[in-house]
Amino acid sequence: MDFTFTEEQQMLLDTTRRFVAKDYGFEARRQIKEKSADGFSREIWQGLADIGLLSLNVPEADGGLGGSAIDNMLAMNAVGEGLLLEPYLACAVLATKTLALLGNDAQRAEWLPALAAGEKIVVLAHDEPKTRFDRLAIDTRSWPVGNGYLLTGHKCVVTHAGSADMLLITARIGKADETGPLAVFCVPVDAPGLDKTTYNTVDGVRASDVRLNQVFVPATALLDGGADSEAKIAEVLDFGLAAVCAEAVGALDKLLAATVEYARNRKQFGQPIGKFQALQHRMADMVLHIEQARSMSYLAAVRCTDTDAATRARAMSAAKVVIGQACRFVGQQAVQLHGGMGVTDELDVSHYFKRLMAIELQFGSTDQHLEQYAAQLA
Amino acid sequence: MDLNFTPEELAFRQEVREFVASSLPPDIQHKVLNGLILQSDDYIRWQKILHAKGWGGASWRKDFGGPGWSATQQYIFEEECAAAGAPRTIPFGLKMVAPVIMQYGSPAQQERFLPKILAAEEWWCQGYSEPGAGSDLASVKTRAVREGDHYVVNGQKTWTTQGQYADWIFCLVRTDTEAKSQRGISFILIDMKTPGITVRPIITMDGAHEVNEVWFEDVRVPVENLVGEENAGWTYAKFLLGHERTNIAGIGIAKREIARLKRIASLETKNRKPLIEDPMFASRIAQIEIDLTALEITNLRVLSAEAERRAPGPEASILKIKGTEIQQAITEALVQAVGTYALPLRREAMAAGYQGDAVGPFYATPLAANYLNMRKLSIYGGSNEIQKNIISQMILGL
């Protein structure tokens, strides 16, 4: 057993944390959220590229840092602590990983350096309405026409699609009545037949519903993962699942710290509320949840690339269940213990709460993963 | 032992149900049943309809223009109104300041204020909480200094719900700084149009403007607006809080929201079957419904005990804790029912008659905001932690 991080990993975490601490105070974040056209800062995005964070998930062969899932976990801890609005998860994790795993040489050469440099934004559009996180229940269809494909379907709550240069759309290949293999297509955002509705989500970022109505893409747009496409997409999604688990841990740490600080300073009935045993026990329970969550985010990071499907699935579901429960408990207690202040927009607590609420619903809810885990008990 | 309502009570329920069905404006009902944003006018319109029927002050005695209902009748009335999708009555005038004026106010105050409360001609808000005080209400800092026939008020109140609409505010103010904390407090009525009052919105995490901060800077209040005796306000404050804690279980609202949850769970699908047939989700709904059944019976037990000795006791704390936990659990289940379509937060689409882009199913639109908004339930009106202190002290004698 070894739970220590390498010197390089510790440096990555420190650098990212320092960057977030310096340029991403809560007030700065509010300005970015309210004033910028994208709902995030292009300048900060460039800053993230400059410290190498955007090339972390780009393989060394493609000129990136070729970081591991553990490296990504540490980066995501800092993303969670800073409550970053920038599309790190959507672009630098999910889209980058998709291109790295499924892209051919030409596609990798075209996109990965641009992503690593922060010059282009690409997002993966996978979720669909009515699928309830069933990652294989994809109804978007693509069928060969001439020297390309036509795509028809509906992708929902695609984070940062409104700021993207290109979308990676998952679709099944085949006629409407066939269930063919899963594939990923590069689709420019201005493709005729592509329609986007963009809105704010509860955690303060922008997302879109994307409708594709016979959108034509050339044959070169297909990310040809071969027979393994489905497995590779699953690997991308598990990598993303592990990433939000780590993000949650960063946010949970911040919420606990804020709550303890508040309990020390807030006086009621003549003493700090932190002196009340009932509240002390509540905060102790928060610690239990967070440490369990941290352990499971380690497990998720280690297992998300495991080649044994059953081992991996069990670990990912177990992690998401524990993390989801921690998000709920710690988030709700932090708000409750802050009293009226906790429900205001003014305090950062409510913003962490909302990000944790969103994480709980991303990559499969607590209920869904509990059920998936239960189905494997035998 | 009989858990059934009497034939008279059932007939009363039927009468209320029919009246609400025929009188509740459909546009208001649509907003309530779908969790859309209500305007102040929606509350006023409904109150005027009830007033015209003679039901404006459900908890009021006959001599003040109320229907003189028993506690059980009031309970039935509130349950029927909530279930049908009527807006909840804004309590600050009807259920908070009015009972205090009835009990402790002068005849002149009763004549001046009560009819306008009943007719929804004046909107009231509450000036109890102060920054840094929270549930420790007796630590009132806002000062009122007597100068001739006026009090001069300086200080700050917070969490003033719907204060942006209010014509009047009832306030706890400190009139004697020498006295121990609970003495030296007075209960006064202040016209919100008096010079020196500033109202500043507090935006909550769902993006709503429901609560406010209210500042008083050399606000001159005529002495006739003092209720009862100077420095005896804490007695009236406690009397008011007792009233605030009646009907806090929110049984009717919970029943209506469970119906909404079931409706949505039968429209959503999982594994190509209705979500309501999914064993995990079905058991989640079942648990909530069972908890509510237990609370309903507990509430009725408290009501029947109250019929004998009037003032609600510490049992009200049990109703508050369980009632708010159940309502919060329903909002959580609603969010889970629609999954990622709970994530879009679009307040503009929560207004009735919204014509813009549709995102996800219509019913999903307000669910995240509703969930976020309902976090307040376990905090306000004496936080659930404070309610547990009351249970430990008053019921257990610890």
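Residues numbered from 1 in each chain as written. Chains lettered and ligands numbered in written order. Predicted model: local features only at pLDDT ≥ 70, side-chain atom pairs only at ≥ 80, totals over all residues. Heavy atoms only, no water.

Per an unreviewed UniProt entry, chain B is named Pimeloyl-CoA dehydrogenase large subunit, and its organism is Noviherbaspirillum saxi. In its Sequence similarities (unreviewed entry) section, the UniProt entry covering chain B states "Belongs to the acyl-CoA dehydrogenase family." (UniProt positions renumbered as here; feature names shortened; annotations may be inferred.)

Under the annotation held in an unreviewed UniProt entry, chain A carries the name Acyl-CoA dehydrogenase and is attributed to Noviherbaspirillum saxi. Under the UniProt heading Sequence similarities (unreviewed entry), the note attached to chain A is "Belongs to the acyl-CoA dehydrogenase family."

(A) Main features of the UniProt feature "domain: Acyl-CoA oxidase/dehydrogenase middle" (unreviewed entry) in chain B. The UniProt entry lists residues 125-219 of chain B under the feature "domain: Acyl-CoA oxidase/dehydrogenase middle" (unreviewed entry), expressed in the numbering used here. Annotated as 0% helix and 51% strand, the span residues 125-219 of chain B places its first and last C-alpha atoms 17 Å apart. (Helix = DSSP H or I, 4+ residues; strand = E, 2+ residues; numbered from the N terminus.)

(B) Fine view of helix α10 (residues 315-338) of chain B. When the terminal C-alpha atoms of α10 of chain B are compared, their 36 Å separation across 24 residues agrees well with the 34 Å that a helix rising 1.5 Å per residue should span. Glycine 339 of chain B occupies a position one or two residues after α10 of chain B and carries a positive phi of about 55°. (Expected span 1.5 Å × (residues − 1).)

(C) The packing of aromatic side chains, seen in detail. All told, the structure shown has 21 aromatic pairs over all chains when counted by the stated rule. Arranged with centres 5.0 Å apart and planes meeting at 70°, the rings of phenylalanine 19 of chain B and tryptophan 55 of chain B form a pair that is edge-to-face. One end of the pair, phenylalanine 19 of chain B, is in helix α1 (residues 7-23); the other, tryptophan 55 of chain B, is in the loop between α3 (40-53) and α4 (71-84), with 36 residues separating them in the sequence. Taken as a pair, phenylalanine 19 of chain B and tryptophan 55 of chain B share a single burial class, namely buried. Chaining the aromatic ring pairs together yields one cluster made of Tyr104, Phe113, Trp124, Tyr128, Trp168, Phe170, Phe187, Tyr236 and Phe239 of chain B. Directly above the ring of phenylalanine 239 of chain A sits lysine 97 of chain A, whose terminal nitrogen or CZ lies 4.2 Å from the centroid. The ring of phenylalanine 5 of chain B is capped by arginine 13 of chain B, whose NZ or CZ atom sits 5.1 Å from the centre of that ring. (Phe/Tyr/Trp six-rings, centres within 6.5 Å; stacked < 30°, edge-to-face > 60°. Buried < 20%, exposed > 50% of the residue type's maximum accessible area, 1.4 Å probe, protein only. Lys NZ or Arg CZ within 6 Å of the ring centre and 35° of its normal.)

(D) Here's a closer look at the UniProt feature "domain: Acyl-CoA dehydrogenase/oxidase N-terminal" (unreviewed entry) in chain B. Here the UniProt feature "domain: Acyl-CoA dehydrogenase/oxidase N-terminal" (unreviewed entry) sits at residues 6-120 of chain B. Secondary structure within residues 6-120 of chain B divides into 69% helix and 0% strand; the distance between the first and last C-alpha atoms comes to 33 Å.

(E) Main features of the nonpolar core. Grouped together as the largest cluster of nonpolar side chains are 181 residues, with contacts concentrated most on Trp45, Tyr88, Leu167, Leu168, Phe185 and Val187 of chain A together with Phe77 of chain B. Each residue touching phenylalanine 185 of chain A, except ones within four places of it in the same chain, is listed here: Ser142, Tyr149, Leu151, Leu167, Leu168, Ile169, Ala171, Ile173, Val217, Ala221 and Leu222 of chain A. If you look at the next biggest cluster of nonpolar residues, it comprises 52 residues, including Ile101, Met102, Trp124 and Leu137 of chain B. (Core = buried A, V, L, I, M, F, W, Y, C linked by side-chain atoms within 4.5 Å. Contact = heavy atoms within 4.5 Å.)

(F) Expanded view of the environment of methionine 1 of chain A. Residue and element names in this part refer to chain A. With respect to the element layout, methionine 1 can be found in the segment before α1 (7-23). Take methionine 1: its relative accessible area is 96%, and that puts it in the exposed class. Between the C-alpha atoms of methionine 1 and methionine 73, which are 72 residues apart in sequence, the distance is 18 Å.

(G) The state of the cysteines, seen in detail. This structure, assessed with the given rule, holds zero disulfides over all chains. Free cysteine cysteine 245 of chain A: the closest other cysteine sulfur is in cysteine 327 of chain A, separated by 8.1 Å. On the basis of relative accessible area, cysteine 245 of chain A is assigned to the buried category, the value being 0%. Its sulfur unpaired, cysteine 171 of chain B is 7.5 Å from the next cysteine sulfur, which belongs to cysteine 125 of chain B. Using a relative accessible area of 1% as the deciding quantity, one classes cysteine 171 of chain B as buried. (Disulfide = S-S within 2.5 Å.)

(H) Region of interest: the domain arrangement of chain B. Under the domain assignment used here, chain B contains domain 1 (7-89), domain 2 (124-231) and domain 3 (248-396). Between domain 1 of chain B and domain 2 of chain B, the C-alpha centre-to-centre distance is 30 Å. (Domains from an automatic or database assignment.)

(I) Here's a closer look at the UniProt feature "domain: Acyl-CoA dehydrogenase/oxidase N-terminal" (unreviewed entry) in chain A. Taking the numbering used here, the UniProt-annotated feature "domain: Acyl-CoA dehydrogenase/oxidase N-terminal" (unreviewed entry) corresponds to residues 6-119 of chain A. Its end C-alpha atoms 30 Å apart, residues 6-119 of chain A is made of 68% helix and 0% strand.

(J) Representation of the interface of chain A and chain B within the structure. Contact residues are listed per partner, giving 45 residues for chain A and 45 residues for chain B. Carbon and sulfur atoms make up 57% of the area that chain A and chain B hide from each other, which totals about 3,900 Å². Here chain A is connected to chain B by six salt bridges. Ionic pairing is found between arginine 282 of chain A and glutamate 385 of chain B, a salt bridge with its closest N-O pair at 2.9 Å. Between the two partners, chain A and chain B, sit 22 residue pairs in polar contact (both at pLDDT 80 or more). (Buried area = accessible area lost by both parts, 1.4 Å probe. Salt bridge = Lys/Arg side-chain N within 4 Å of Asp/Glu carboxyl O. Polar contact = N/O pair within 3.5 Å; in protein donor to acceptor, adjacent residues only side chain to side chain.)

(K) Structural detail: the pattern of salt bridges. A full pass over the atoms with the stated rule returns 48 salt bridges over all chains. Of the charged contacts in the structure, one is a salt bridge between arginine 30 of chain A and glutamate 27 of chain A, with a shortest N-O distance of 3.6 Å. One end of the pair, arginine 30 of chain A, and the other, glutamate 27 of chain A, are both in helix α2 (residues 26-35), three residues apart, so they sit about a helical turn from each other. Note on arginine 30 of chain A: relative accessible area 15%, which makes it buried. Classification of glutamate 27 of chain A as partly exposed rests on a relative accessible area of 46%. We note a salt bridge from arginine 312 of chain A to aspartate 238 of chain A, for which the minimum N-O separation is 2.6 Å. Of the two residues, arginine 312 of chain A sits in helix α9 (residues 309-337) while aspartate 238 of chain A sits in helix α7 (residues 229-265), which places them 74 residues apart along the sequence. Overlapping salt bridges, with partners in common, bring together Arg13, Arg17, Glu79, Glu80, Lys255 and Glu296 of chain B in one network.

(L) Broad picture of empty space enclosed by the protein. Here the structure, examined in full by the defined rule, presents five cavities of 30 Å³ or more. As a volume, the largest cavity reaches approximately 100 Å³. Lining the largest cavity we find Arg132, Phe133, Ser365, Asp367, Gln368 and Glu371 of chain A together with Lys270, Leu275, Asp278, Met280, Phe281 and Gln336 of chain B. Of the residues forming the lining of the largest cavity, the biggest block, three residues, is contributed by helix α11 (residues 366-375) of chain A. Of the residues contributing to the lining of the largest cavity, the split by class is four nonpolar, three polar and five charged. What lines the second largest cavity is Arg328, Met357, Glu360 and Leu361 of chain A together with Glu332, Val335, Gln336 and Tyr371 of chain B. Contributions of two or more residues to the lining of the second largest cavity are made by α10 (348-361) of chain A together with α10 of chain B. Split by residue class, the lining of the second largest cavity holds four nonpolar, one polar and three charged. (1 Å grid on protein atoms, 1.4 Å probe; cavity = no way out; pocket = protein on both sides within 12 Å on 5 of 7 lines; lining within 4 Å. Points joined across faces, edges and corners; volume = space filled by probe spheres on them. Nonpolar A, V, L, I, M, F, W, Y, C, P; charged D, E, K, R; others polar.)

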